[in-house]
Amino acid sequence: NEGTPVSLIEAMAAGVPIVSTGVGGVSDLLQGGQLGTIVPPRDRQALTAAMIEALTTPNRQRLHAAQHHALTTYGEARLLKDVRTLYLELLERKGFVPAPEAEVL
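Here the structure is a predicted model, which means the values were calculated and not measured.

A.B. asks: Before we move on, could you go through the side chain of His-69 and cite the residues and values that matter?
C.D. replies: Checked against the element boundaries, His-69 lands in helix H4 (residues 60-74). Here His-69 is in contact with Met-12, Leu-29, Gln-31, Leu-35 and Tyr-74, once residues within four sequence places are set aside.

A.B. asks: Help me get a handle on the environment of Gly-33, residues and values and all.
C.D. replies: Inspection of the secondary structure assignment puts Gly-33 in the loop between helix H2 (26-29) and strand E2 (37-39). Overall, Gly-33 belongs to the buried group, its relative accessible area being 17%. Along the sequence, Gly-33 and Asp-43 sit 10 residues apart, while their C-alpha atoms lie 16 Å from each other. Not counting residues within four places of it along the chain, the set of residues in contact with Gly-33 comprises Ile-38 and Arg-62.

A.B. asks: Any details on H4? Residues and values, ideally.
C.D. replies: With 15 residues, H4 should cover 21 Å at 1.5 Å per step; its first-to-last C-alpha distance of 21 Å lies within 8% of that length. Along H4, the residues that are buried comprise Leu-63, Ala-66, His-69 and Ala-70. Buried residues along H4 cover an arc of 130° about the axis, so they all sit on one side. Across H4 from its buried face, at more than 90 degrees, point the exposed residues Arg-60, Gln-61 and His-64. Here the buried face of H4 lies against helix H1 (6-14) and H2. Structurally, the start of H4 carries an N-cap: the backbone nitrogen of Gln-61 is 3.1 Å from a side-chain oxygen of Asn-59.

Definitions and limits used
- Note that residues are indexed from 1 along each chain, following the sequence as it is written.
- With pLDDT at 70 or above as the cut-off, local features in this predicted model cover only qualifying residues; side-chain atom pairs require 80 or more to be listed or tallied, and sums for whole chains, interfaces and linings still use all residues.
- By convention in this description, side-chain values take in all heavy atoms of the structure and omit both hydrogens and water.
- In this text, helices come from DSSP runs of H or I with a minimum length of four residues, and strands from runs of E with a minimum of two, each type numbered from the N-terminal end.
- We call two residues contacting when some pair of their heavy atoms lies within 4.5 Å.
- Type-normalised accessible area, obtained with a 1.4 Å probe on protein chains alone, sets the label of each residue: buried when under 20%, exposed when over 50%, and partly exposed for intermediate values.
- To estimate the expected span of a helix, subtract one from its residue number and multiply by 1.5 Å.
- Arc definition: it is the arc formed by the directions from the helix axis to the C-beta atoms.
- Each polar contact in these results corresponds to two N or O atoms within 3.5 Å; when the atoms are within protein, one needs to be able to donate a hydrogen and the other to accept it, and residues that are neighboring in sequence are counted only if both atoms are side-chain atoms.

Purely geometric stuff here, so don't read any function into it on its own.
In structure tokens, the structure reads:
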């Protein structure tokens, strides 16, 4: 059970169609179905139909939106910014204040 399935984020970033059951954080990740198809758990017919639809007639606009969302929300720039912010906050708590505009690699 994975709250935010990394495989879906990777698929979004790769620009491939997504079909998933609506479990865990899938609905939030796929913005209620705007960025991929969500089917009910244990519904084989719905899953099969959604997969066939995604493979035969992919929604290019949806794929582009999902890719953009994944790259901006989960991309390296955001990760680096978040890690930098975390380290600066931890340093401040310990009494170390970096010089203004200090560059962190």
